[in-house]
There are 2 protein chains.
Amino acid sequence: MTVYQSEEIKKFIADILTKVNIDLEKAEIVADSLVKADLEGVSSHGVSRLPIYVKRLRENRINSQPKLKIERSAPAVLMVDGDNGLGQIVACKAFQEGMKIAKENGLAAVAVYNSNHFGCASYYCQLGFEKNLASIITTNSPSGIPPWGGKQAFFGTNPIAFGFPVKEADDVIIDLSSSVVARGKIIQAAKEGKSIPKGWAIDEHGHETTNAKAALKGAVLPAGGVKGYGIALAVEILSALLPGAAYGPFVQNIYQEKDGPAKVGHFFILIDIESFQPWIQFDRVLKKMLNEIKNSPKADGIQNIFYPGERRAASFREKSVSGIELASETVKELVLLATEYKVPFPQ
Amino acid sequence: MTVYQSEEIKKFIADILTKVNIDLEKAEIVADSLVKADLEGVSSHGVSRLPIYVKRLRENRINSQPKLKIERSAPAVLMVDGDNGLGQIVACKAFQEGMKIAKENGLAAVAVYNSNHFGCASYYCQLGFEKNLASIITTNSPSGIPPWGGKQAFFGTNPIAFGFPVKEADDVIIDLSSSVVARGKIIQAAKEGKSIPKGWAIDEHGHETTNAKAALKGAVLPAGGVKGYGIALAVEILSALLPGAAYGPFVQNIYQEKDGPAKVGHFFILIDIESFQPWIQFDRVLKKMLNEIKNSPKADGIQNIFYPGERRAASFREKSVSGIELASETVKELVLLATEYKVPFPQ
């Protein structure tokens, strides 16, 4: 682990992306999304993703100059063809256009197809906060979770995020995957020869396993048992079937050499809070409730009760000063990119 | 357990409700909702609720003649004041009005306040299917779930339901509470003097309990650990703060003698599928996916993979013929009502 100042890494990422034909303004969006994930403590969706993005852009498996088609199919609905661009570029533009019609109608839905991995779902929730928009964000992803009773991955780990702005305090961000755990953690355990906790995964026969290598041949379990299966299915229908994206096993995997364009889908619901309550009233009641939650009687051994979004914000504040930690494997890959594209890597 | 024909019980419920000043047409909606829950195998939200409804209506703690106020606060948003009517009456009307503006705008949100327990969330998903509407339905409810790290119930067991219509096949209905189990199941176990499985709940001191009555004084655990806490919070903000209903501990409990009007809130998002995809196309892809799910490789010992909504529909079909089973405790209460109101109870 080495520590880097986030602004320097952000500039590095943007510079590298411009070398593979991404416009600077758009490269900065992607850089911001990746670095913010590391700042917020979600490094699995952060800077470590850059090398694979660059590789796929160079191979034209991701389109560096996508021409988005945005169609307003109904007063409160946008259909967005991402033209196989980087997910962050596609999703930001789609979300921003959605904000306009949410402000007009009180509510908007944006259905995105022909997209790619878009980083953290929470990033898009945050885009709406400035305009007093709450949001529900979903995306599908390559197969990770089996149907309940099945033993082979079908659904993506399909996150759903809910975002609610709080003025001058940490925003409420609930960003959860439909699976118990990210597949990446199992890959890591297998690499290190460690076992995994019971309840994370099944082997190829559908039996629960604590053997990480066996788990990799099987599938990750849905969160909350059959409930996670239900959420994974709901997210798949919203994110893939409404937009007309690829679903389940047909989503292509950016990490697989032989796969084609990912054809990921996203679905956003944007909610204009002021169409429901005067802003000040909503904010006052939300803050009152959050305070009451934090002051609830605590279970033995618990020092603090947090609401979803607090730790993310605390991590962001802390690492914006102290810097972000990058794993040595990631640094190695970034240095290779730096050398290849003659872009100075931060020291 | 005694078995009754559902149509006879439905008529009985409607007749009883008219005796406590509910208009027949509205009484039939409530009867349909309760009996459908039993038919679909969700008896915790079914006929067993009638006695408490009647008691509260008689005490004027629930308004038998609510005058709903429906305000279109934005083109795609309805705010609905339920005037403390029975939840089913309020929610059905609110949902039906929402359907109209969803058809106009592609999407609609309906925020309901001053309402009561509305039965199964799935019931409202089903209302939209005829018009090719998908939906996301949430409601809050009296405190049941503690914040993560807390030991005292704060949030309701806050269900979220996703409904997607499937033509001439079982609709997809994902209806899940934020808790490990619906509080209704613990209420029912307490009523029947049964114990509950370990892992469902804690008592008022924060200790795990299998005693249903002790659990009702304590709290139900969130599903999927911290993820269930996040969903409970999201549902609470959507269902209570956007509509301006009571939240968390301020929602009054229909089962508590000294409580006042429940002030429950609901939140509906209605999605017009045809504003996204041609209906036939959506239906074709959804059916293809559901077939693939059902034909996924099965874990050892698994005979069938079901998608959410299939078992509910199978139960409905089966019990529509064979009849619904009512617990003897429920029957006893219904017979008392029959005697008091001179309404014949089905034999």
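Since we're looking at a predicted model, the values are computed, not measured.

Here is what the cut-offs are and how they apply
- Residues numbered from 1 in each chain as written.
- Chains lettered and ligands numbered in written order.
- Predicted model: local features only at pLDDT ≥ 70, side-chain atom pairs only at ≥ 80, totals over all residues.
- Heavy atoms only, no water.
- Helix = DSSP H or I, 4+ residues; strand = E, 2+ residues; numbered from the N terminus.
- Rg over C-alpha atoms; globule rule 2.2 N^0.38 Å.
- Buried < 20%, exposed > 50% of the residue type's maximum accessible area, 1.4 Å probe, protein only.
- Areas by Shrake-Rupley, 256 points an atom, 1.4 Å probe, with all protein chains shown as cover.
- Pairing = 2+ DSSP bridges.
- Salt bridge = Lys/Arg side-chain N within 4 Å of Asp/Glu carboxyl O.
- Core = buried A, V, L, I, M, F, W, Y, C linked by side-chain atoms within 4.5 Å.
- Contact = heavy atoms within 4.5 Å.
- Buried area = accessible area lost by both parts, 1.4 Å probe.
- Polar contact = N/O pair within 3.5 Å; in protein donor to acceptor, adjacent residues only side chain to side chain.
- Domains from an automatic or database assignment.
- Nonpolar A, V, L, I, M, F, W, Y, C, P; charged D, E, K, R; others polar.
- Least-squares fit on C-alpha atoms with pLDDT ≥ 70 in both.

> Help me understand the overall build of chain A in this model?
A tally of regular secondary structure across chain A gives 11 helices and 14 strands. For 347 residues, the compact-globule estimate of 2.2 N^0.38 gives 20 Å, and the C-alpha radius of gyration of chain A, at 20 Å, lies within 12% of that figure. Across its three principal directions, the C-alpha atoms of chain A cover 50 × 50 × 45 Å. Scored against the burial criterion, the 347 residues of chain A give a buried share of 58%. In the form shown here, chain A has an accessible surface area of approximately 14,000 Å², with 51% of it arising from carbon and sulfur atoms.

> Even after reading the chapter, I still don't get the sheet that holds strand S8 (residues 201-202) of chain B, so can you show me in this structure?
For sheets, the rule is that strands pair by backbone hydrogen bonds, running either parallel or antiparallel. Residues and elements named next belong to chain B. Spatially, S9-S8-S10 is the arrangement adopted by the three strands of the open sheet, whose pairing is antiparallel. Strands at the two margins of the open sheet, each flanked by one partner only, are strand S9 (208-209) and strand S10 (219-220). Two elements, S8 and S10, share two bridges in a ladder whose sense is antiparallel. Residue Ile202 lies in a different strand from S10, and its bridge partner there is Ala219.

> What am I meant to see in the pattern of salt bridges here?
Side-chain pairing between opposite charges can occur once the charged atoms of the two side chains come close. Residue and element names in this part refer to chain B. Applying the stated criterion to the full structure yields 49 salt bridges over all chains. Between Glu97 and Lys100 there is a salt bridge, with the nearest N and O atoms lying 3.1 Å from each other. Taken as a pair, Glu97 and Lys100 lie in helix H4 (residues 87-105) at a separation of three residues, close to a single helical turn. Take Lys100: its relative accessible area is 49%, and that puts it in the partly exposed class.

> Hey, could you run me through the sheet that holds strand S10 (residues 201-202) of chain A in this one?
Residue and element names in this part refer to chain A. Strand order in the open sheet made by the three strands is S11-S10-S12, with antiparallel pairing throughout. The sheet is open, and its two edges are formed by strand S11 (208-209) and strand S12 (219-220), each paired on a single side. Relative to S11, S10 runs antiparallel, the two sharing two bridges. Bridge pairing links Ile202 to Glu208 in S11.

> What am I meant to see in the nonpolar core here?
Soluble globular proteins: nonpolar side chains tend toward being buried together. Of all hydrophobic cores here, the largest spans 92 residues; its most connected members are Phe164 of chain A together with Phe164, Val172 and Leu286 of chain B. Excluding residues within four positions of it along the chain, Val172 of chain B makes contact with Leu233 and Ile237 of chain A together with Phe129, Phe162, Gly163, Phe164, Val166, Leu286, Leu290, Tyr307 and Pro308 of chain B.

> Would you explain the interface of chain A and chain B in this entry?
Listed per partner, the contact involves 74 residues of chain A and 73 residues of chain B. Between chain A and chain B, roughly 6,000 Å² of surface is buried when both sides are summed, and carbon and sulfur atoms account for 76% of that area. At the boundary of chain A with chain B, the tally comes to zero salt bridges. At the boundary of chain A and chain B, one finds 24 residue pairs in polar contact (both at pLDDT 80 or more). Sorting elements by how many residues they give to the side of chain A that touches chain B places helix H8 (residues 226-241) of chain A first, with 10 residues.

> Would you explain the domain arrangement of chain A in this entry?
A common way to state how big an interface is: give the accessible area lost once the parts meet. Residue and element names in this part refer to chain A. Split by domain assignment, chain A resolves into domain 1 (1-59 + 310-347) and domain 2 (67-179 + 222-295). Taking only C-alpha atoms into account, the centre of domain 1 sits 23 Å from that of domain 2. Listed per partner, the contact involves 24 residues of domain 1 and 19 residues of domain 2. Buried surface at the junction of domain 1 and domain 2, both sides included, amounts to about 2,000 Å², of which 57% is carbon and sulfur. On the surface where domain 1 and domain 2 come into contact, there are five salt bridges. The salt bridge partner of Arg317 is Asp170, with a shortest N-O separation of 2.9 Å. The interface formed by domain 1 and domain 2 contains 12 residue pairs in polar contact (both at pLDDT 80 or more). Going through the elements one at a time, helix H2 (24-39), helix H3 (50-58) and helix H10 (310-322) are the ones with two or more residues in the side of domain 1 that touches domain 2. Grouping the constituent residues of the side of domain 1 that touches domain 2 by class yields 11 nonpolar, two polar and 11 charged.

> Please clarify how the side chain of Arg312 of chain A should be interpreted in this entry.
All names here are of chain A. With respect to the element layout, Arg312 can be found in helix H10. The exposure class assigned to Arg312 is buried, which follows from its relative accessible area of 14%. Discounting chain neighbours no more than four positions away, the residues touching Arg312 are Glu40, Val42, Ser122, Gln126, Ile173 and Asp175.

> Looking at this model, I keep getting lost on the environment of Asp203 of chain A. Mind explaining?
All names here are of chain A. With respect to the helices and strands, Asp203 occurs in the loop between S10 and S11. Along the chain, Asp203 and Ile137 lie 66 residues apart, while their C-alpha atoms are 31 Å from each other. Reaching out from Asp203, the side chain makes a polar contact with the backbone nitrogen of His205 at a distance of 2.8 Å.

> Just to check I follow, could you spell out the relation of the copies chain A and chain B for this structure?
The operation linking the two copies of the chain is a rotation about an axis combined with a translation along the axis. For these two chains of identical sequence, chain A goes onto chain B by a turn of 180° and a shift of 0.0 Å along the axis, with RMSD 1.4 Å. Seen this way, the second copy is the image of the first under a two-fold rotation axis. Measuring from the rotation axis to each C-alpha of chain A, the shortest distance belongs to Gly224 of chain A, at 1.9 Å. Taken together, the interface assignments show that 96% of the residues at the interface of chain A recur at the interface of chain B, consistent with an identical surface on both copies.

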